[in-house]
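# Close look at the chain arrangement
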Amino acid sequence: MQSFATKPFLLDIHSITLRVTHAEFEQLCQDNPELRLELTANGELITMAPAGWESSERNGKLTTDVDIWNRQTDLGKVFDSSGGFTLPNGAVKSPDVTWIEKSKFANIPRSVAFPEVVPDFVIELRSMSDSLTTLRDKMEEYRSNGVRLGWLINPQQQQVEIYRLGQEVEILQSPTALSGEDVLPGFTIDLHSVF
């Protein structure tokens, strides 16, 4: 008879919702660094598939563009899709690109895995497997928690949805460039490499 200890097995949980505490979420992330996980405001665990190669390449370019601007201005910190942040509503989210003004990190200990900090700017890049409705809900959640500027980039429809605090969502069809406005002063991005 074969022992369970010698052979791992998979547990199919696709038909149930798992709820975990913040401490349990942090432990799951530490125990499973190869997984992409998020946590909703009510403690539901979200697992995300790895991005396809095209989305990963596009996301790398977007992160690089924001990082180059940030290195020149030294106004904040840039994070890729593996960085998680705890929003005021308790959700732990990992935008594809995140920029946070550096003064917000003054009192956050390095030991905190998912700091309670509101990003100033986020990008979500829709991949082929992403639900547009789910991404729009995520963008609304960012905005309702205080994110000042967010871009939902949808290469499939060559659209960008711009989310700003206190304003209606602006939808741009086939834009060639975007501006960081007053959140990322002087930042512009060429979208030819994304579309």
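The present account deals with the structure reproduced in this document.

About the criteria used
Sequence order as written defines residue numbering, which begins from 1 separately in each chain. The predicted nature of this model means local features are confined to residues of pLDDT at least 70 and side-chain atom pairs, given and counted, to a pLDDT of 80 or more, with totals for whole chains, interfaces and linings taken over all residues. Side-chain numbers here rest on the full set of heavy atoms in the structure, without hydrogens or water. Put simply, two rings from Phe, Tyr or Trp (the six-membered ring, in Trp's case) pair if the centres are within 6.5 Å, and we call them stacked under 30 degrees between planes, edge-to-face over 60, tilted for the rest. Put simply, DSSP H or I for four residues or longer makes a helix, DSSP E for two residues or longer makes a strand, and each gets a number counted from the N terminus. Burial classification: accessible surface area is computed with a 1.4 Å probe over protein chains only, and a residue below 20% of its type maximum counts as buried, one above 50% as exposed, and the rest as partly exposed. Should the NZ of a Lys or the CZ of an Arg lie within 6 Å of a ring centre and within 35 degrees of the ring normal, that charge is described as sitting over the ring. Two strands make a pair as long as DSSP finds a minimum of two bridges between them. Axis definition: a line fitted to C-alpha atoms, over the contacting stretch in the case of helices. Angles run 0 to 180 degrees between N-to-C directions. As used here, the term nonpolar core means buried Ala, Val, Leu, Ile, Met, Phe, Trp, Tyr and Cys residues forming a set that is joined through side-chain atoms within 4.5 Å. With strands facing away from the observer, any crossover in which the path from the first strand over the helix to the second runs clockwise is taken as right-handed.

With the rule as written, the count across this model stands at seven aromatic pairs. Geometrically, the ring pair formed by Trp151 and Phe187 is stacked, given 6.2 Å between the ring centres and 20 degrees between the ring planes. Within this pair, whereas Trp151 is found in strand E8 (residues 149-154), its partner Phe187 is found in the loop between strand E11 (177-179) and strand E12 (188-190), the two being separated by 36 residues in sequence. Assessed through its relative accessible area of 0%, Trp151 is described here as buried. We classify Phe187 as buried; its relative accessible area is 4%. Three or more aromatic residues joined by ring pairs form one cluster here, namely Trp69, Trp99, Phe121, Trp151 and Phe187. Lying across the ring of Phe105, Lys77 places its NZ or CZ 5.6 Å from the centre.

Moving on, we get to the sheet that holds strand E10 (residues 170-173). The strand order across the open sheet built from six strands is E3-E6-E7-E8-E9-E10, with neighbouring strands paired in mixed fashion. The sheet is open, and its two edges are formed by strand E3 (76-79) and E10, each paired on a single side. Sheet twist, expressed as the average angle between the axes of neighbouring strands with direction ignored, equals 15 degrees. With four bridges joining them, E3 and strand E6 (residues 97-101) adopt antiparallel strand pairing. Opposite Phe79, over in E6, you have Thr98 as the bridge partner.

A word on the nonpolar core. Judged by nonpolar contacts, the single largest core of 21 residues is most densely connected at Val66, Phe121, Trp151 and Ile153. At the level of elements, helix H2 (53-73), E6, strand E7 (121-125), E8 and strand E9 (159-164) are the ones that each hand at least two residues to this core. In terms of nonpolar packing, the next biggest core, distinct from the first, is built from ten residues, Leu87, Leu132, Leu135 and Tyr163 among them.

Moving on to the pairing of E7. Burial of E7 is extensive: five of the five residues sit out of reach of the surface. Side chains of E7 alternate between two faces, with Phe121, Ile123 and Leu125 and Val122 and Glu124 buried alike. Relative to E7, E6 is paired through three bridges, and the arrangement is antiparallel. Within the sheet, the bridge partner assigned to Val97 lies in E7 and is Ile123. In the sheet, E7 pairs with E8 via five bridges, with the strands oriented parallel. Each residue of the ladder has a partner; that of Ile123, found in E8, is Trp151. In the classification by handedness, the crossover that spans E7, the intervening helix H3 (residues 132-144) and the parallel E8 is right-handed.

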